[in-house]
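Tertiary structure, described
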Amino acid sequence: MNAYVGVFTARLDTPWVTSLKEKRAVIRPVMERIKARFPVSAARVAGLDEHGWELVGFSVIGGDAAWVAEVLDAVERFLRGSGEYRVVVLAREIIVFDGTVSPELPG
């Protein structure tokens with residue numbers, strides 16, 4: 001049986017904000033709503049000390065690749081329509097785990 005892990009990252013541009021506090025007030029509520037509404041893990045990944053942008057990431061795991069893709073699609077739609085920012089860069093990947101054990105890495 002396969003497991004599918006979906007990972008989605010997005011860069012959110014906020015060039016008009018003037019402080020980190022103002023940016024957090026824009027980004028944090030959207031992240032909280034996404035975590036409450038969808039079965040994903042969510043994180044603010046990079047740009048935390050930058051006023052003009054932030055990279056956010058989401059992940060989901062499931063036994064059906066189509067369901068994983070649907071969840072990521074829904075998160076993307078919600079993200080695009082829910083904040084005072086511009087979504088400028090998106091990256092998505094669905095990784096398949098087939099249950100085999102990888103050989104140990106030299107260490």
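Before any of the text, the structure's been laid out above.
Residues numbered from 1 in each chain as written. Predicted model: local features only at pLDDT ≥ 70, side-chain atom pairs only at ≥ 80, totals over all residues. Heavy atoms only, no water.

**Observations concerning the sheet that holds strand 4 (residues 86-97)**
Rules: When DSSP finds two or more bridges between two strands, those strands count as paired. Only DSSP runs of H or I reaching four residues or more are called helices, and only runs of E reaching two or more are called strands; each is numbered from the N terminus. The convention used is that axes are lines fitted to C-alpha atoms, helices contributing only their stretch in contact, and that angles between N-to-C directions extend from 0 to 180 degrees. Note on contacts: a residue pair qualifies if any of its non-hydrogen atoms lie within 4.5 Å across the two residues.
Read from one edge of the open sheet, four strands run 2-3-1-4, paired in antiparallel fashion. Edge positions in the open sheet fall to strand 2 (41-46) and strand 4, since each of these has one partner strand only. Along the sheet, successive strands turn relative to each other by an average axial angle of 20°, direction set aside. Sheet topology places strand 1 (residues 3-13) next to strand 4; eleven bridges connect them, and they run antiparallel. Of the residues in strand 4, the one forming a bridge with aspartate 13 is arginine 86. Here helix 1 (residues 20-37) sits on the sheet and contacts strand 1, strand 2 and strand 3 (53-62); the angle it forms with strand 3, its principal contact strand, is near 5°.

**Description of the pattern of salt bridges**
Pairing is possible between side chains of opposite charge, provided their charged atoms come close. The criterion, for reference: Put simply, a salt bridge is a Lys or Arg side-chain nitrogen that is within 4 Å of an Asp or Glu carboxyl oxygen. Think of it in three bands: with a 1.4 Å probe and only protein chains considered, a residue is buried below 20% of the maximum accessible area for its type, exposed above 50%, and partly exposed in between.
Taken as a whole and assessed by the stated rule, the structure comprises seven salt bridges. With a shortest N-O distance of 3.3 Å, lysine 35 and glutamate 32 are connected by a salt bridge. One end of the pair, lysine 35, and the other, glutamate 32, are both in helix 1, three residues apart, so they sit about a helical turn from each other. Lysine 35 gets classed as partly exposed once you look at its relative accessible area, which sits at 36%.

**Section: helix 1**
Given 3.6 residues per helical turn, the α-helix brings residues three or four places apart onto the same face. The following threshold applies: Here the expected length of a helix is defined as 1.5 Å per residue gap, with one fewer gap than residues.
With 18 residues, helix 1 extends 26 Å between its outermost C-alpha atoms, agreeing within 8% with the 26 Å of an ideal straight helix rising 1.5 Å per residue. All of the buried residues in helix 1 are Lys23, Val26, Ile27, Val30, Met31 and Ile34. Of the surrounding secondary structure, the elements contacted by the buried residues of helix 1 are strand 1, strand 2, strand 3 and helix 2 (65-81).

**Side note on the nonpolar core**
Note that soluble globular proteins tend to have their nonpolar side chains buried in a common cluster. Selection criterion: As used in this record, nonpolar core signifies buried Ala, Val, Leu, Ile, Met, Phe, Trp, Tyr and Cys residues forming a set joined through side-chain atoms within 4.5 Å.
Ranked by internal contacts, the top residues of the largest apolar core, which has 24 residues, are Ile34, Phe58 and Leu79. Contributing elements (two or more residues each) for this core: strand 1, helix 1, strand 3 and helix 2. Among the elements that line this core, the one with the most residues is helix 2, at seven residues. With sequence-adjacent residues up to four places away left out, isoleucine 34 is seen in contact with Val40, Phe58, Val75, Phe78 and Leu79.

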